[in-house]
Every structure is written in C-alpha cells, then in structure tokens.
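Listed below are the residues making up each chain.
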Amino acid sequence: LSEKSTGELSHSTTSKESQVGTKLGAKGKAKRPGRKGDVRMHRAVDYKMENKDASLVDALTHGGFEFEGLGTNGKAHHEVFDQDGISLLQRKNQLLRRVRNEKRKLGDDDN
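Figured I'd write up the structure that's included with this text. (Residues numbered from 1 in each chain as written. Predicted model: local features only at pLDDT ≥ 70, side-chain atom pairs only at ≥ 80, totals over all residues. Heavy atoms only, no water.)

Bringing the pattern of salt bridges into the picture now. Applying the stated criterion across every chain, the model contains five salt bridges. For D38, the salt bridge identified is with R40, shortest N-O distance 2.5 Å. According to the relative accessible area criterion, D38 is partly exposed, its value standing at 26%. Classification of R40 by relative accessible area gives buried; the value is 14%. Put simply, D84 and R91 hold a salt bridge, and the shortest N to O gap is 3.4 Å. Judged by its relative accessible area of 8%, R91 is buried. Linked by salt bridges that have partners in common, D38, R40, D82, D84 and R91 make up one network. (Salt bridge = Lys/Arg side-chain N within 4 Å of Asp/Glu carboxyl O. Buried < 20%, exposed > 50% of the residue type's maximum accessible area, 1.4 Å probe, protein only.)

This brings us to the environment of V80. If you trace the backbone, V80 turns up in the loop between strand 3 (67-68) and strand 4 (81-82). Look at V80 and you get buried, because its relative accessible area is 1%. Separated by 12 residues in the primary sequence, V80 and E68 have C-alpha atoms spaced 6.2 Å apart. Here V80 is in contact with F67, E68, G69, L70, K75, I86, S87 and L88, once residues within four sequence places are set aside. (Helix = DSSP H or I, 4+ residues; strand = E, 2+ residues; numbered from the N terminus. Contact = heavy atoms within 4.5 Å.)

This part is about the side chain of S87. Topologically, S87 is positioned in the loop between strand 4 and helix 4 (88-106). One polar contact links the side chain of S87 to the main-chain amide nitrogen of Q90, over a distance of 3.1 Å. S87 has contacts with H77, H78, V80 and F81, leaving out every residue within four places of it along the chain. (Polar contact = N/O pair within 3.5 Å; in protein donor to acceptor, adjacent residues only side chain to side chain.)

Turning our attention to helix 2 (residues 39-50). Its 12 residues place the ends of helix 2 17 Å apart at the C-alpha level, agreeing with the 16 Å of an ideal helix rising 1.5 Å per residue. All buried positions along helix 2 are accounted for by R40, M41, H42, A44, V45, K48 and M49. If you follow the buried residues of helix 2, they end up packed against helix 3 (56-63) and helix 4. (Expected span 1.5 Å × (residues − 1).)

This part is about the packing of helix 2 against helix 3. Viewed as axis vectors pointing N to C, helix 2 and helix 3 meet at an angle of 130°, and their least axial separation amounts to 7 Å. Comparing the axis directions of helix 2 and helix 3 gives the class oblique. Between helix 2 and helix 3 the crossing geometry is right-handed. Residues R40, M41, R43, A44, Y47 and K48 of helix 2 pack against L56, D58, A59, L60, H62 and G63 of helix 3. Split by residue class, the contact of helix 2 with helix 3 holds six nonpolar, two polar and four charged. (Axes fitted to C-alpha atoms, helices over the stretch in contact; angles between N-to-C directions. Parallel < 35°, antiparallel > 145°, perpendicular 65-115°, else oblique. Left-handed = near helix turned anticlockwise from the far one by under 90°. Nonpolar A, V, L, I, M, F, W, Y, C, P; charged D, E, K, R; others polar.)

Have a look at this one:
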C-alpha cells in the first residue's frame with residue numbers, strides 16, 4: 001500500500017498477485033469445483049454407466065479416444081497407444097477405476 005499525494009491509499013499488485021486473485025486461491029488451488037480431467041474420459045465414463053454391457057474399449061472409443069493399431073491382430077493392449085501416447089491398457093484401467101468410483105458415489109452396488 002502506498003499513499004498518494006491526495007491522502008488516498010492505492011493498492012499496487014504484482015502480476016503474481018493479480019493471477020492469484022483471478023484464478024487461484026490462497027494456497028494455489030483452482031477455484032473451479034466439479035469434474036476434472038479429460039473430457040473424453042468423462043464421456044467414456046458416462047457411456048459405460050449408461051451401457052453396462054459395453055466393453056471398456058467401446059466406451060473409450062465412444063468417448064473420443066483413437067487408438068493406433070487397435071484392430072491389429074496379435075497386438076496386446078499395452079502395445080496399442082492413443083493420440084496422447086497413453087496405452088490402451090492404461091486407459092482401460094483408468095476408465096474402470098472411474099466407473100467403480102462413480103458407482104460408489106451413486107450407491108450402485110449392482111456390478
């Protein structure tokens with residue numbers, strides 16, 4: 001705080017202070033509550049929750065993931081990668097974990 005010649009106090013902010021004031025909280029955490037993560041994964045989770053008999057691979061592709069060499073015979077899921085370089089096996093594991101957590105939140109113990 002500095003005092004101007006008129007006797008008023010003025011606030012001077014640094015670029016970091018202005019950034020903290022707009023997007024980040026006091027401890028650097030984002031102020032945006034809600035779902036975080038990849039939109040494609042959110043769509044895949046929603047699809048899998050609505051279509052319980054759908055395979056994990058179907059849910060991922062419906063979500064928007066594209067896997068290079070998915071239909072190639074003899075390629076294991078840890079050898080097939082998406083456009084971000086993440087293996088199909090890792091994406092399936094993540095989807096399964098998110099579906100399981102979503103079911104817990106909803107109290108759906110059917111599957």
